[in-house]
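Structural characterization, general
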Amino acid sequence: MSFLFGNRSSKTFKPKKNIPEGSHQYELLKHAEATLGSGNLRQAVVLPEGEDLNEWIAVNTVDFFNQINMLYGTITEFCTEISCSVMSAGPRYEYHWADGTNIKKPIKCSAPKYIDYLMTWVQDQLDDETLFPSKIGVPFPKNFMSVAKTILKRLFRVYAHIYHQHFDSVMQLQEEAHLNTSFKHFIFFVQEFNLIDRRELAPLQDLIEKLGSKDR
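No experiment lies behind these values; they were computed from the predicted model shown. Positions within a chain are numbered from 1, following the residues in the order the chain's sequence is written. Per-residue local features are limited, in this predicted model, to residues with pLDDT of at least 70; the limit for side-chain atom pairs, both in listing and counting, is 80 or more; totals at the level of whole chains, interfaces and linings are taken over all residues. Side-chain numbers come from the whole structure's heavy atoms, not from hydrogens or water.

**As for the overall build of the chain**
- Every helix listed is a DSSP run of H or I at least four residues long, and every strand listed is a run of E at least two residues long, numbered separately from the N terminus. Summing up its helical and strand segments, the chain has seven helices and two strands in all.
- Listed by position from the N terminus, the elements making up the chain come as α-α-α-β-β-α-α-α-α.
- Looking at the chain as a whole, 50% of its 216 residues qualify as buried.
- Contacts were defined at the residue level, with two residues in contact if any of their heavy atoms lie within 4.5 Å. Of the contacts made within the chain by residues no fewer than 6 positions apart, 74% connect residues no fewer than 24 positions apart. Exposed residues in this analysis have more than 50% of their type's maximum accessible area, buried residues have under 20%, and partly exposed residues fall in between, with area computed by a 1.4 Å probe over protein chains only.

**Focus: helix 4 (residues 111-127)**
- The span you would expect from a helix comes to 1.5 Å times its residue count less one. Its 17 residues place the ends of helix 4 24 Å apart at the C-alpha level, agreeing with the 24 Å of an ideal helix rising 1.5 Å per residue.
- For helix 4, the set of buried residues is A111, P112, Y114, I115, L118, M119, W121, V122, Q123, Q125 and L126.
- If you follow the buried residues of helix 4, they end up packed against helix 3 (53-75), strand 1 (87-88), strand 2 (94-95) and helix 5 (144-172).

**Quick look at the confidence of the model for the chain**
- Values of pLDDT, ranging from 0 to 100, describe the predictor's confidence in every residue of the model. For the chain, per-residue confidence averages 87 on the pLDDT scale, and residues scoring 70 or more make up 86% of the total.
- Note on residues 1-10: pLDDT is under 50 here. Beyond four places in sequence and across chains, it has 26 contacts.

**Section: the pattern of salt bridges**
- In the sections that follow, a salt bridge refers to a side-chain nitrogen of Lys or Arg positioned within 4 Å of a carboxyl oxygen of Asp or Glu. In this structure the tally under the stated criterion is four salt bridges.
- Between E209 and R198 there is a salt bridge whose closest N-O contact spans 4.0 Å. Of the two residues, E209 is situated in helix 7 (residues 205-214) and R198 in the loop between helix 6 (176-192) and helix 7; the sequence distance between them amounts to 11 residues.
- For E209, a relative accessible area of 44% puts it in the partly exposed group.
- Judged by relative accessible area, which is 59%, R198 ranks as exposed.

**Overview of unusual backbone geometry**
- One non-glycine residue with positive phi stands out, namely Q174, at about 60 degrees.
- Structurally, Q174 can be placed in the loop between helix 5 and helix 6.
- Note on Q174: relative accessible area 68%, which makes it exposed.
- A positive phi angle, close to 55 degrees, is found at N194, a residue other than glycine.
- Within the secondary structure, N194 is located in the loop between helix 6 and helix 7.
- Here N194 falls in the exposed class, since its relative accessible area comes to 60%.

**Focus on helix 3**
- A rise of 1.5 Å per residue sets the reference length of helix 3, with its 23 residues, at 33 Å; its end C-alpha atoms lie 33 Å apart and thus fit the reference within 8%.
- Of all 23 residues in helix 3, 21 are buried, a share of seventy percent or more.

Below you can see the structure in the form of structure tokens.
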């Protein structure tokens, strides 16, 4: 949730995606913020009673996009074509970009380029009213869950890159508490609804286990 970031400059990598005030999704977002404020992240991710699962996943996906947008926005000056010539998460994991439409065959590119492609692609999905309907009564499409899973899988890669390649910069900026809280919330959410395959989480498995054990 954006309130985690206190009064830091609201520099984002891409424009923030807003949920329309007064909409049911906005009410759900407020509910999530209130639950998060209690400090119990396991409880904060649980589907509220009587709510639609797709809508809950949609609201949280938008929120995670905004959070990662802000987190990456704080370290863009350290993530350059020179310092990060490939999109990686440590020496064992490298990501190549493809979106299946404009770029069908995966291409090797720098981390800033990859993250630009990724965040632009996510933004396009979130802005698509047929995929992420914002009006009450408009149904979610049959492929919604599959698209949401792909979005979250790709957003995880930005967290993985920041932790592996830029954690020193995050610490210099004194943003590590924000990063850890945001990532813990993200992980608890995807675990609650089984949204990312365990193999995809491997680059940060040790951290995930550590965050989970602290909460037991």
